[in-house]
Amino acid sequence: MPTTPNNPRIFRQLLVRNITFPLALGVVSAALFVGLVLYLLAAMSVVERTDQVIARAYAVQKQDLNMESSLRGFLLNGDSRFLAPYEQSKVDIASSVEQLREMIHANPAQIQRIERILGLQEQWNRYAVEQIAIKRDNPSYNIGAQLEEGRQLKQSVRDEFDAFIDTERRLR
């Protein structure tokens, strides 16, 4: 039997070797490339979500700091204008925490941490209301020893926020 390309068996071998095999290899390479792109897009989505959670946590922490600073300003000089940021942050922080909670709904450990933060914040809010009432009743009131209670509560809130943010960074 002659070995010419006109022979159907030899033509089929040449076709497989020169066209079909490289074409199949190209299709497999393209599929791997598409799979890699999809994996990278999913990874970017996770990183973007954690960045959004961290940004929201920082915003809540800033509102918390506004409340503390406003209270301190009021207690130092008795001017009610210092309480405006306190009152605004008190309203804003509730919706911000709810948004944060929705963002982390799939992470029970972070939800528990947010619940601890809310509990500590509620204790501090009671402390703040008490201190405001005392200062309004007695303008010459000097906070003195009671300052430590509020400071400890706020430090606990900051520690919980730090742990929350560290956990989110690790999830990246």
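Please read all numbers here as calculations on a predicted model, not as lab measurements.

J.: Please explain the overall build of the chain as it appears in this structure.
T.: When you go through the chain residue by residue, the secondary structure sums to 4 helices and 0 strands. Each helix and strand of the chain, ordered N terminal to C terminal, gives the series α-α-α-α. For 172 residues, the compact-globule estimate of 2.2 N^0.38 gives 16 Å, and the C-alpha radius of gyration of the chain, at 31 Å, exceeds that figure by more than 25%. Along the first, second and third principal axes, the C-alpha atoms of the chain reach 115 × 25 × 20 Å. For the chain, long-range pairs separated by at least 24 residues make up 71% of all intrachain contacts whose partners lie at least 6 apart in sequence. Surface summary for the chain: the accessible area is close to 11200 Å², and the carbon and sulfur share equals 61%. The averaged location of the 20 negative side-chain charges in the chain is 11 Å from the averaged location of its 21 positive side-chain charges.

J.: What is the right way to look at the packing of helix 1 (residues 8–77) against helix 4 (residues 146–171) in this model?
T.: A pair of packed helices can be characterised by two numbers: the angle between their axes and the separation between those axes. The interhelical angle for the contact between helix 1 and helix 4, taken along N-to-C directions, is 170°, at an axis separation of 9 Å. Judged by the inter-axis angle, helix 1 sits roughly antiparallel to helix 4. Every residue of helix 4 that contacts helix 1 at Val46, Arg49, Thr50, Val53, Ile54, Ala57, Tyr58, Val60, Gln61, Asp64 and Glu68 is listed here: Lys154, Val157, Arg158, Phe161, Asp162, Phe164, Ile165, Glu168, Arg169 and Leu171. Grouping the amino acids of the contact of helix 1 with helix 4 by side-chain chemistry returns 11 nonpolar, 2 polar and 8 charged.

Reading the values: the criteria
- Residues numbered from 1 in each chain as written.
- Predicted model: local features only at pLDDT ≥ 70, side-chain atom pairs only at ≥ 80, totals over all residues.
- Heavy atoms only, no water.
- Helix = DSSP H or I, 4+ residues; strand = E, 2+ residues; numbered from the N terminus.
- Rg over C-alpha atoms; globule rule 2.2 N^0.38 Å.
- Contact = heavy atoms within 4.5 Å.
- Areas by Shrake-Rupley, 256 points an atom, 1.4 Å probe, with all protein chains shown as cover.
- Lys, Arg positive; Asp, Glu negative; His and termini not counted.
- Charge placed at Lys NZ, Arg CZ, Asp CG, Glu CD.
- Axes fitted to C-alpha atoms, helices over the stretch in contact; angles between N-to-C directions.
- Parallel < 35°, antiparallel > 145°, perpendicular 65-115°, else oblique.
- Nonpolar A, V, L, I, M, F, W, Y, C, P; charged D, E, K, R; others polar.

These figures come from the coordinates and say nothing about function on their own.
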